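A look at the structure
Here is how the chains run, residue by residue.
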Amino acid sequence: MEFTLLIVIIVLALIFDYINGFHDAANAIATVVATKVLSPFQAVLWAAFFNFLAYWVFGFGVADTVAKTAHTMEINLVVILAGIIAAICWNLLTWWLGIPSSSSHTLIGGFAGAACAHAIAVHGFSGYLLEDGTTAYWFDIVSWYKSGKDGGVPSGVSIIILFIVLAPLLGALMSYLISIWLLNASKKTITPKLFTLVVMGVTIWFVESQIKYYDAIDSPSFDSPFWSVAFESHNIKWFVVAFIVLSISLFCLVFSSLNLNQANSWLKKMQLLSSAAFSLGHGGNDSQKVMGIIAAAVAVYIHTTGVAQESLPAWLDVVLPNDQGAFRMPTWIPLACYSAIAAGTLSGGWKIVKTMGSKITKVTSFEGVAAETAGALTLYFTEHFKVPVSTTHTITGSIIGVGMTKRVSAVRWGVTVSLLWAWVLTIPVSALLAALVYYFLNLFL
């Protein structure tokens, strides 16, 4: 029975990943379709390719955070099943209504809501004793806050909730600054060029400081130090960041010498780069959340059945990170997750494309480059700090940021306020729905 439940959870998790792909396809392709750089079909093909390519770029930091949303030693597989069912239902509803809500927050809200429902069902609203003798309550089953190791960024659901506000703000601020940078670079003065050279120098210095060299790589892929450093996934992410920033910098150095047609032509080519960068971040960020759910399900299965880790079949040999940082996941899990989200992106999500590409603000290639670049960089940095943010919130904030460089009224704030309500309601509604699904499933399972 437990093993069957585990298989059902894995299948539904991959279905959710597929739905996530077509629900969030608009995030990566809306601006590139709105500016007619690519046709809708070309755009989803482009985005899906880079969704899958993220497999070789990102690690499992976000997967770790999601897997620890609830304390896996205190829940059962029905909790995870209820969370996934609720997340799928809310995703399909918001997709049908054309609302760009967060698939990430839907999944986390569903997981947390089902876990709380389980704690109430088992212990009620009164306190209960843990093995270490401390008293806990039903809401303690969720990992609300955990301080970061060695002064790092803390984790927990409260941090994820905080980034409902911070992610779009970061995207908006970054896209606003990139837009101002590009606008000034079009002027025939020396100051913007000097600023661009400083940005290039700082970028090279920063990325070089983040690179893992041969002696710091745990398991080098090649005997050659050069190829091992070049193909280390941690390094590839930072090489991509450097490529994005340096590409925009080179454009800024020649922008003032281009006429209007030449500038538009170059901006359209750069939009291919920026949309690819954002699709890469979307795949890396969102696929990891499903990996985290699958990893949590395996951990719960081991705990509830008492089966020894060594007795598991090789394809289920998953180990959650411990205090020493160990993390093991069979290759098929990330491959399946990245394949599912890429397939979902290929299916498109045209209702949300319309909202993202035209209803928030009028988008040209200039705005598209700034918004997608800002969104991509925001996703890369939050993934680095293992924070599962919403790609939807990030790109929406970025589009608002570029709209505000024209004038505040260029942003259709009525549409934006409606989106904000959807964002605020996603976690509590998903949590409540998952709690109801849990109690229903508990009658039969």
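Scroll up for the structure.
Residues numbered from 1 in each chain as written. Predicted model: local features only at pLDDT ≥ 70, side-chain atom pairs only at ≥ 80, totals over all residues. Heavy atoms only, no water.

Observations regarding the packing of aromatic side chains
Summed over the entire model, instances satisfying the criterion amount to 21 aromatic pairs. Ring geometry for Phe 251 against Phe 255: centres 4.6 Å apart, planes inclined by 35°, an arrangement best described as tilted. Of the two residues, Phe 251 and Phe 255 are both situated in helix 9 (residues 233-255); the distance of four residues between them amounts to about one turn of the helix. Linked through ring pairs, Phe 3, Tyr 301, Trp 315 and Trp 332 together constitute an aromatic cluster. Of note, Lys 269 hangs over the ring of Trp 266, and the distance from its end group to the ring centre comes to 5.7 Å. (Phe/Tyr/Trp six-rings, centres within 6.5 Å; stacked < 30°, edge-to-face > 60°. Helix = DSSP H or I, 4+ residues; strand = E, 2+ residues; numbered from the N terminus. Lys NZ or Arg CZ within 6 Å of the ring centre and 35° of its normal.)

Some points on the pattern of salt bridges
Taken as a whole, this structure holds three salt bridges when the rule is applied. For Asp 64, the salt bridge is made with Lys 68, and the minimal N-O distance between the two is 3.2 Å. A salt bridge links Glu 383 to Lys 237; the shortest N-O distance between them is 2.9 Å. Here Glu 383 is found in helix 13 (residues 365-384), whereas its partner Lys 237 is found in helix 9, with 146 residues between them in sequence. Taken individually, Glu 383 and Lys 237 each receive the classification buried, so the pair is uniform in this respect. (Salt bridge = Lys/Arg side-chain N within 4 Å of Asp/Glu carboxyl O. Buried < 20%, exposed > 50% of the residue type's maximum accessible area, 1.4 Å probe, protein only.)

Thoughts on the packing of helix 7 (residues 190-210) against helix 9
Between helix 7 and helix 9, whose axes approach to 10 Å, the crossing angle comes to 170°. Judged by the inter-axis angle, helix 7 sits roughly antiparallel to helix 9. Within the contact between the two elements, helix 7 uses Lys 193, Thr 196, Leu 197, Val 199, Met 200, Thr 203, Ile 204, Phe 206, Val 207 and Gln 210 and helix 9 uses His 234, Asn 235, Trp 238, Ala 242, Val 245, Leu 246, Ser 249, Leu 250, Cys 252 and Leu 253. For the contact of helix 7 with helix 9, the class distribution of residues is 13 nonpolar, six polar and one charged. (Axes fitted to C-alpha atoms, helices over the stretch in contact; angles between N-to-C directions. Parallel < 35°, antiparallel > 145°, perpendicular 65-115°, else oblique. Contact = heavy atoms within 4.5 Å. Nonpolar A, V, L, I, M, F, W, Y, C, P; charged D, E, K, R; others polar.)

Some details on helix 6 (residues 157-185)
Its 29 residues give helix 6 an end-to-end C-alpha distance of 41 Å, which sits within 8% of 42 Å, the value for a rise of 1.5 Å per residue. Along helix 6, the largest kink reaches about 40° and is centred on Ile 164; proline Pro 168 follows within four residues of it. (Expected span 1.5 Å × (residues − 1). Bend = angle between axes of the 7 residues up to and from the residue.)

Points about the nonpolar core
Burial of nonpolar side chains together is a common tendency in soluble globular proteins. Judged by nonpolar contacts, the single largest core of 108 residues is most densely connected at Leu 6, Ile 75, Leu 77, Ile 80, Ile 84, Phe 111 and Tyr 380. The element contributing the most residues to this core is helix 10 (residues 260-305), with 18 residues. Ignoring sequence-local partners within four residues, the contact set of Ile 84 consists of Ile 9, Leu 12, Ala 13 and Ile 293. (Core = buried A, V, L, I, M, F, W, Y, C linked by side-chain atoms within 4.5 Å.)

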